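Now for the letters of each chain:
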Amino acid sequence: MNLPESKIERILAVDDAPDNLFLMQTILETEGYDLSLVEDGYSALAIVEKSPPDLILLDVMMPQMDGYEVTRRIRQNSSLPFIPILLITAYEQSSAIEGLDAGADDFIRKPVDVGELLARVRSLLRLKHSIDEQVRLARQREDFVSRLTHDLRTPLVAADRMLSLLKRGSFGQIPDSAVEAVVSIQQSNQHLVQMVNTVLEVYRHDAGSKELTFVSINPQEMIKEVVQELTPLAEEKGLALRLNVEECANSSNSDNSDDYLVMGDRLELRRVFTNLIGNAVKFTEQGSVDVNLGLELDSTNSADGQPPLVAISIQDTGSGICPEDLATLFKRFRQGKHKRSGSGLGLYLSRRIVEAHQGRIEVESELGKGSLFTVYLPAQT
C-alpha cells in the first residue's frame, strides 16, 4: 500500500538582519522545513498575499514597518487562511503583550535558544493543522447539508404538486373516502418540506453563511399580515387572536405606526413572528392569543443615548412551560414534552435571527397559565 507523502511545511522568516535569517534557515531547513526569507514587512505581506505560508517567524523591530503592524495587517485580511505568527523580540514583557494584542500567537526572545525555537515552531504548526482540519470539516458539513436538503426538497416538492393535482381530480375523480387520506398525506409532506427548509436555515446561520438584507420595516404592518394569515387556524380552535398597538406618548399622529420602524430583513423577521404566533395558537386549547406592539427603554443602554426598543410580545392562555424546560427552550433540537412539539429547531432559529438583528428574545411562563414571548428590536432612528 502506498502511503501519501507528508506535506512539507512552509515557513516565512522576516528579519532585517541577514545574520538572523541565516541562523533560522540553518536551524529549520535541517529539520526539513521549507524556508522563505525576507528582510522587511512590505515584502513579507506581498508573499503572504500571493502564497500564504504555514507559519510566520516575525522580528518585532524592523525599519519602515515593524512586526506589530505586519501582524495587524495580516489579521485584518479576511481573505487569508489562518497563519500562526511567532514574534521574535529582544524586549521584555510589554513588547510581548503588544504583539499578542496585535494578533500574534506566540513569542520568543532573543538570543534565540535552538530547542525552544523548534518546540514553538512544532506547537504552532500543530495549531495550524488543527484549525485547518476544523475548517475542512466545516466545509464538508456545509456541502453535505446543502446537498442533502436539495436532494430531499426536490422529491418532496414534486410529491406535493402531484398530490395537489390528485386532490383536484386532474387524474380522474377519486372516491370521497380517499380524499381525506390524500389531504393527510399532503399535510405530512408539507411538514417535511418545512422541516428541511428549517434545517437548511439553521445551518446557514450557524455556519455564518446566511446573508441578511436590511431595509426599513414597519413591524405593525408585517405582524398584521401574520395575524391575518393565522386567524383561520385560531378560529378553527375557537381562539381569539388579537393585535394590540400601544399609543406612543410622544406621538401627535393618530396613526403612529411609523414610530415603530426597525431596520431588518423582512423575510427573516416574518419567519420569527410566524413561528412565535403559530406556536401560541398551536399550544393553546382555549382562551386567546394577544400580540402586543409597543416601545420600551432598555435600562442597560438608555443612559448612553441608545434608541428605544420596539417590543413585540405574544401572550397566550395555553398550558405553559415547566421551569426545567425554560432553561433549554432555545437550544437546537430541544423538543418539548407537549404532544404537538415539533423538531425543536423553530425557537432556536428564531433566537439566531433576532440576535442577528442586534435584538433579544425573552420568555416568561407558568404551568397552567400560559406563556409570554417578547422580542426586542432596536427602533430605527
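Coordinates for the structure precede this section.
All residue numbers here refer to positions counted from 1 along the written sequence of the relevant chain. Since the coordinates come from a predicted model, pLDDT governs what is reported: local features require at least 70, and pairs of side-chain atoms require 80 or more to be given and counted, while whole-chain, interface and lining totals use all residues. Calculation of side-chain values draws on the structure's entire complement of heavy atoms; hydrogens and water are dropped beforehand.

Moving on: the packing of helix 2 (residues 41-50) against helix 3 (residues 67-76). How two helices pack is summed up by the angle between their axes together with the distance between the axes. Taken N-terminus to C-terminus, the directions of helix 2 and helix 3 make an angle of 20 degrees; their axes are 10 Å apart at the nearest point. The angle between the axes of helix 2 and helix 3 places the two elements in the roughly parallel class. The handedness of the crossing between helix 2 and helix 3 comes out as right-handed. Here Gly 41, Tyr 42, Leu 45 and Val 48 of helix 2 come into contact with helix 3, specifically with Val 70, Arg 73 and Ile 74. Think of each axis as a best-fit line through the C-alpha atoms, taken over the contacting stretch in the case of a helix, with angles from 0 to 180 degrees between the N-to-C directions. Runs of H or I in DSSP of at least four residues are treated as helices and runs of E of at least two as strands, each being numbered from the N terminus. An angle counts as roughly parallel when it lies under 35 degrees, as roughly antiparallel when it exceeds 145, as roughly perpendicular when it falls between 65 and 115, and as oblique in every other case. Note on convention: the crossing is left-handed when the near helix lies turned anticlockwise from the far helix by less than a right angle, right-handed when the turn is clockwise. Contact definition: two residues touch when any of their heavy atoms are within 4.5 Å.

The rule for pairing is simple: two strands pair if DSSP sees at least two bridges between them. If you walk across this open sheet you meet the 5 strands as 7-9-10-12-11, and the pairing is mixed. Strands at the two margins of the open sheet, each flanked by one partner only, are strand 7 (240-245) and strand 11 (360-366). Pairwise comparison of adjacent strand axes, ignoring direction, gives a mean angle of 15 degrees for this sheet. Here strand 10 (residues 309-316) pairs with strand 12 (residues 370-378) via 7 bridges, running antiparallel. Residue pairing for strand 12: Ala 311 is matched across the bridge by Tyr 376. Sitting on the sheet, helix 8 (residues 266-282) is in contact with strand 7, strand 9 (288-296), strand 10, strand 11 and strand 12, with an inclination near 25 degrees to strand 10. Strands in contact with helix 10 (residues 346-356) are strand 11 and strand 12; relative to strand 12, the strand with the most contacts, it is inclined by about 25 degrees.

Right, let's get into the pattern of salt bridges. Close approach of charged atoms lets side chains of opposite charge pair. We define a salt bridge as a contact between a side-chain nitrogen of Lys or Arg and a carboxyl oxygen of Asp or Glu at a distance within 4 Å. Applying the stated rule across the entire model yields 17 salt bridges. In this structure, Asp 290 and Arg 242 form a salt bridge, with 2.7 Å as the shortest nitrogen-oxygen distance. One end of the pair, Asp 290, is in strand 9; the other, Arg 242, is in strand 7, with 48 residues separating them in the sequence. Each residue is assigned to one of three classes by its accessible area relative to the maximum for its type, calculated with a 1.4 Å probe on protein chains only: buried under 20%, partly exposed between the two thresholds, exposed over 50%. Classification of Asp 290 by relative accessible area gives buried; the value is 15%. For Glu 355, the salt bridge identified is with Arg 351, shortest N-O distance 3.1 Å. Note that Glu 355 and Arg 351 are positioned in helix 10 at a spacing of 4 residues, about one turn of the helix. Each of the salt bridges in this network shares a partner with another, and the network as a whole consists of Glu 225, Glu 229, Arg 266 and Arg 270.

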